[in-house]
Amino acid sequence: MNQSANKQLPFRLKLLYGSGDWGISSSYMLRSIFYAIYLTDVVGLEPRLASFGGLIGVVWDAINDPIVGLLTDRMRSRLGRRRPFLLWFAVPFGISFVILWSAPQWDSQVALLIYVTLTYMLMDTLQTLIYVPYLALTPELAPDYDERTSLTGFRSFFQLFGSLVVVLAAPNIVDRVLAAGFTQQQGYMLVGAIFGGISIIPLLLIAFFIRERATPQQTEALPLRETIRMAWQNIPFRYGVGIHLLNWSAADMIAVVFPFFMLYWVAGGDQLASIRLLGFDLAYESAFFGVMMLVCILFIRFWLWLARVRNKREAYMLGMGFWVIVQFLVFTIQPGQVTYLLVVAALAGIGVSAAYTLPDALFADVIEWDELRTGRRQEGIYYGVRAFIRKVAGALVIFITLQALGWSGYQTPPAGVTQFVQPDSALKMIRLLASPFGAVMLAGVIIFTALFPLTRERYERIQRLLERRRARAVK
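Residues numbered from 1 in each chain as written. Predicted model: local features only at pLDDT ≥ 70, side-chain atom pairs only at ≥ 80, totals over all residues. Heavy atoms only, no water.

S.K.: Quick question: what am I supposed to make of the overall build of the chain here?
M.R.: Looking only at helices and strands, the chain has 19 helices and two strands in total. The globule rule puts the C-alpha radius of gyration for 475 residues at 23 Å, and the 22 Å found for the chain is close to it. Projected onto the principal axes, the alpha-carbon positions of the chain cover approximately 75 × 40 × 40 Å. In the chain, which comprises 475 residues, the proportion classed as buried is 61%. (Helix = DSSP H or I, 4+ residues; strand = E, 2+ residues; numbered from the N terminus. Rg over C-alpha atoms; globule rule 2.2 N^0.38 Å. Buried < 20%, exposed > 50% of the residue type's maximum accessible area, 1.4 Å probe, protein only.)

S.K.: Even after reading the chapter, I still don't get the packing of aromatic side chains, so can you show me in this structure?
M.R.: The geometry of an aromatic ring pair is captured by the separation of the ring centres together with the interplanar angle, meaning the angle of the planes. The tally for this structure, following the rule as stated, stands at 27 aromatic pairs. The interplanar angle of 35 degrees and the centroid separation of 5.8 Å between the aromatic rings of Tyr-35 and Tyr-120 together place this pair among those described as tilted. On the criterion of sequence distance, the pair formed by Tyr-35 in helix α2 (residues 21-43) and Tyr-120 in helix α5 (residues 109-141) is long-range, its members being 85 residues apart. Considered together, Tyr-35 and Tyr-120 belong to a single accessibility category, that of buried residues. (Phe/Tyr/Trp six-rings, centres within 6.5 Å; stacked < 30°, edge-to-face > 60°.)

S.K.: Mind showing me how you'd approach the environment of Gln-109 here?
M.R.: With respect to the secondary-structure elements, Gln-109 resides in helix α5. C-alpha separation for the pair Gln-109 and Leu-49, spaced 60 residues apart in sequence, amounts to 8.3 Å. Apart from residues lying up to four places away in sequence, Gln-109 is in contact with Gly-44, Leu-45, Glu-46 and Leu-49. (Contact = heavy atoms within 4.5 Å.)

S.K.: Is there a simple way to think about the environment of Ala-450 in this case?
M.R.: Topologically, Ala-450 is positioned in helix α18 (residues 436-451). In this structure Ala-450 touches Arg-313 and Met-317, once residues within four positions along its chain are discounted.

S.K.: What exactly am I supposed to notice about empty space enclosed by the protein here?
M.R.: Counting across every chain of the model gives four cavities of 30 Å³ or more. In this model, the largest cavity occupies a volume close to 340 Å³. Around the largest cavity, the lining comprises 22 residues; the ones closest to its centre are Ile-37, Gln-184, Leu-263, Gln-271 and Glu-285. Of all the secondary-structure elements, those providing two or more residues to the lining of the largest cavity are α2, α6 (145-179), α7 (184-209), α9 (235-266) and α10 (284-298). (1 Å grid on protein atoms, 1.4 Å probe; cavity = no way out; pocket = protein on both sides within 12 Å on 5 of 7 lines; lining within 4 Å. Points joined across faces, edges and corners; volume = space filled by probe spheres on them.)

S.K.: Hey, could you run me through the pairing of strand β1 (residues 274-277) in this one?
M.R.: Pairing of β1 with strand β2 (residues 280-283), which is carried by four bridges, proceeds in the antiparallel orientation. Bridge pairing links Ile-275 to Leu-282 in β2. Hairpin remark: β1 followed by β2, antiparallel, with two residues in the connecting loop; positive phi at Leu-278, about 55 degrees. (Pairing = 2+ DSSP bridges.)

S.K.: Would you mind going over the side chain of Lys-14 with me for this structure?
M.R.: By the secondary structure assignment, Lys-14 is in helix α1 (residues 11-19). Classification of Lys-14 as buried rests on a relative accessible area of 6%. Other than its neighbours up to four places away in sequence, Lys-14 contacts Leu-9, Glu-147, Ser-150, Leu-151 and Phe-154.

S.K.: Help me out: how do you make sense of the side chain of Ser-25 in this one?
M.R.: In this fold, Ser-25 is placed in helix α2. Given a relative accessible area of 6%, Ser-25 falls into the buried group. At 2.7 Å, the side chain of Ser-25 forms a polar contact with the backbone oxygen of Asp-21. Each residue touching Ser-25, except ones within four places of it in the same chain, is listed here: Phe-158, Gln-159, Gly-162 and Ser-163. (Polar contact = N/O pair within 3.5 Å; in protein donor to acceptor, adjacent residues only side chain to side chain.)

Set out below in structure tokens:
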């Protein structure tokens, strides 16, 4: 499946490459939505103590993401620079799904914290070994401005579809396991086994059937510190960092807080509460995130169209502005307002669709600017740093959320209880985290996007200059 001489990529290549994000998004969605409440309500960790597990993971992220990015840039094999990592680590990555949700029933809070921290670090390492080389393929496969957006759109579809399946299936699998007389812990492990197994298949298919585009001959390898320093001198990259950090911080804030918001605020603490939707009884989080993700998928084509007829920056800013408005609507949801909750979920899906589809297409453009400036192709280090930022955002959101809940008086429900009411102070904090805090971060996204310097015209000029340089190098 080599790239053709023209700029348009084959549909089958886009489809296969996009499918790789299924497992990655499934992993991240499971962690984003369920990990915090799993640590507090299933493992039994005190919220402020549990928050340190994610914080330690951030330190580990700072070590492994750029290193993996540098390794992929320096990799030389007959399979290319990125594909060997997918081939070697796809199966271990899938297995780590189960390990993440396998906390033992220990009485010691410290021992539990150590265990969940180590399993988090293991999962994170294997995800990095898959995620960074997978993302680094984007600018290599699609050098054209609009084709790059299209390829990212295929990724976004599978990313959102995988997330949709997770939010619909995971809570209901856990509930069915619980109703059958087993534990929530066993339910989460079953979810991990199912989605971990499915995630392996597309990653292996990419490793076997997608061919990497030839890259310019590199000069001698630079030390990691020098490489990161050079990357930071890339001005568009700095703005891309700000966009990515705030975009995913807002998305992760919603994912982490909303299970608490729906369980303890909208459902009044009823752990078995469900919403009747299209003839099915769905858990609150399944119904909310299911509606939101379905709308996300439906609006992918709209954002791709708008990015093509206008540009990526304008489309993205419009989507984020709409999402800011919806975030303030979240604060007006009252207990028992199920219909209004689903309406807000649908409206949120419009903005969230832009947040999933367009940032990656913007970020990929910094690679050619760096090549023009330095004469080097360094996708790995850029996507390594980007993966670090993505996971830093998620870990910090979990840390801040659990710290805030702990200080607000949040109480861990007793084992076996299906009805539990949180103190008013904890409910107020949950509502603040679910609404205005995220809106402020989204406003920051709009500012950084407005300042992002790589327009369509500038990018096309960069491509022309690179083509001339490469033509001279061949002579």
